Amino acid sequence: MPPERPRPCSRLSALRLPKLDGPELPSFRFPLGAQPTYQFDGGTAKEADRRAVLPVSEKLAGVYMTLEPGALRELHWHANAAEWAYVIAGRCRVTTIDPNNQCEIVDFGPGDVWYFPRGHDHSIQGIGPGTCTFVLVFDNGYFSEFGTFSISDWLGHTPPDMLAKNLA
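If you're wondering where the values come from, they're calculated on a predicted model, not measured in any experiment.

Re a nonpolar patch on the surface
Here is step 1 of the chain: A cluster of nonpolar side chains, contributed by W84, Y86, I88, V113 and Y115, occupies part of the molecular surface with about 510 Å² of accessible area.
Here is step 2 of the chain: Going through the elements one at a time, β5 (83-89) and β8 (113-116) are the ones with two or more residues in the nonpolar patch.
Here is step 3 of the chain: Here the nonpolar patch gets 3 residues from one element, more than from any other, and that element is β5.
Here is step 4 of the chain: Take Y115: it is sitting in strand β8.
Here is step 5 of the chain: For Y115, a relative accessible area of 41% gives the class partly exposed.

Structure below.
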């Protein structure tokens, strides 16, 4: 008699498994898309981190972000976290500048993933058609997308004489 074939994975969803939530194990499910929306020109962001809403995550924080075609998440860098991203829908163009001044420009679409180590400058532009939607994951549970260093912040806090020397 031949061995019994394993059940297809689609049947697993019909099984009634006990909840993974209780005093011995916290819930690992989190509604990132239901978080408050931060609106900016050309897009939105919803954040989850250890401090406010995702206490089970000691080492990770996340942002659900959208960019409209032509919208730009300006050049910025994260001093306290590396960044992973997964593109859910739409297309975007990512520019990266590493600490050695090497530059790369790559277009991403649904199912694509990118990674930036800490301190790598990068920008993200929605290139259409339609809205680009992606999830960002940071390797620091206390990270905040709204506390990054952007090029406009740097320019706004640099003395004009120093800017003149460096941008002339």
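Remarks on unusual backbone geometry
Trans is the prevailing form of peptide bonds, just as negative phi is the prevailing case for residues other than glycine.
Here is step 1 of the chain: Geometrically, the link from G128 to P129 is a cis peptide bond, its omega value of 0° lying close to zero.
Here is step 2 of the chain: Locating P129 in the fold gives a position in the loop between β9 (121-126) and β10 (132-138).
Here is step 3 of the chain: Phi is positive for N101, which is not a glycine, with a value near 70°.
Here is step 4 of the chain: Among the structural elements, N101 can be located in the loop between β6 (92-97) and β7 (103-108).

Here we look at the packing of aromatic side chains
Here is step 1 of the chain: Enumeration over the complete set of coordinates arrives at 5 aromatic pairs.
Here is step 2 of the chain: Through a chain of ring-to-ring contacts, three or more aromatic side chains come together here, namely F108, W114, F116 and F134.

Remarks on the pairing of β8
Here is step 1 of the chain: Burial of β8 is one-sided: the residues W114 and F116 facing one way are buried, the residues V113 and Y115 facing the other way are not.
Here is step 2 of the chain: Pairing of β5 with β8 involves 4 bridges; the strand directions are antiparallel. Looking at the pairing, E83 lines up with F116 of β8.

What to know about the nonpolar core
Here is step 1 of the chain: Core analysis: the largest hydrophobic core is formed by 21 residues, its most contacted members being C92, W114, F134 and L136.
Here is step 2 of the chain: Of all the secondary-structure elements, those providing two or more residues to this core are β3 (61-67), β5, β6, β8 and β10.

Description of the environment of P110
Here is step 1 of the chain: The topology assignment puts P110 in the loop between β7 and β8.
Here is step 2 of the chain: The sequence separation of P110 and V87 amounts to 23 residues, and the corresponding C-alpha distance is 4.9 Å.
Here is step 3 of the chain: The contact partners of P110, leaving out residues within four places of it in the chain, are V87, I88, A89 and G90.

A word on the confidence of the model for the chain
Caution applies to low-pLDDT regions: their predicted coordinates should not be interpreted in detail.
Here is step 1 of the chain: Put simply, the chain has an average pLDDT of 82, and 80% of its residues get 70 or more.
Here is step 2 of the chain: Within the model, pLDDT remains below 50 along residues 9-13, and this stretch shows 0 contacts once partners closer than five positions in the same chain are excluded.

Some words on the sheet that holds β8
Here is step 1 of the chain: Pairing is antiparallel across the open sheet formed by 6 strands, whose spatial order is β1-β2-β3-β10-β5-β8. At either margin of the open sheet sits one strand with a lone partner, and together these are β1 (38-40) and β8. Across the sheet, the mean angle from the axis of one strand to that of its neighbour is 20°, orientation sign disregarded.
Here is step 2 of the chain: By the bridge criterion, 6 bridges tie β5 to β10 in an arrangement that is antiparallel. Pairing of V87 across the sheet is with F134, part of β10.

The rules behind the values
The residue numbering used here restarts from 1 in each chain and proceeds along that chain's sequence as written. It should be noted that, the model being predicted, local features are given only for residues of pLDDT at least 70 and side-chain atom pairs only at 80 or more, the latter also being counted only at that level, while totals for whole chains, interfaces and linings use all residues. Only heavy atoms go into the side-chain values, all of them from the structure, while hydrogens and water stay out. Patch definition: residues with relative accessible area over 30% and no salt bridge; like charges joined within 9 Å; nonpolar side chains (Val, Leu, Ile, Met, Phe, Trp, Tyr) joined within 5 Å. For the accessible areas, the method is Shrake-Rupley and the probe is 1.4 Å, while residue cover comes only from the protein chains on display. We count a salt bridge whenever a side-chain nitrogen from Lys or Arg sits within 4 Å of a carboxyl oxygen from Asp or Glu. Helix and strand definitions here come from DSSP, where helices need a minimum of 4 consecutive H or I residues and strands a minimum of 2 consecutive E residues; each element is numbered from the N-terminal end. Exposure classes here rest on a 1.4 Å probe applied to the protein chains alone. A residue is buried below 20% of its type maximum, exposed above 50%, and partly exposed in between. For this analysis, a ring pair means two rings from Phe, Tyr or Trp (six-membered ring only for Trp) whose centres lie within 6.5 Å, classed as stacked if their planes differ by under 30 degrees, edge-to-face if by over 60, and tilted for the remaining angles. DSSP bridges decide pairing: two strands pair if at least two such bridges lie between them. For the purposes of this section, nonpolar cores are sets of buried Ala, Val, Leu, Ile, Met, Phe, Trp, Tyr and Cys residues that join through side-chain atoms within 4.5 Å. In what follows, residue pairs with any heavy atoms lying within 4.5 Å of each other are defined as contacts. What pLDDT conveys is the predictor's confidence in a given residue, as a value from 0 to 100. Angles here are taken between N-to-C directions and fall from 0 to 180 degrees, while the axes themselves are lines fitted to C-alpha atoms, restricted in helices to the stretch in contact.

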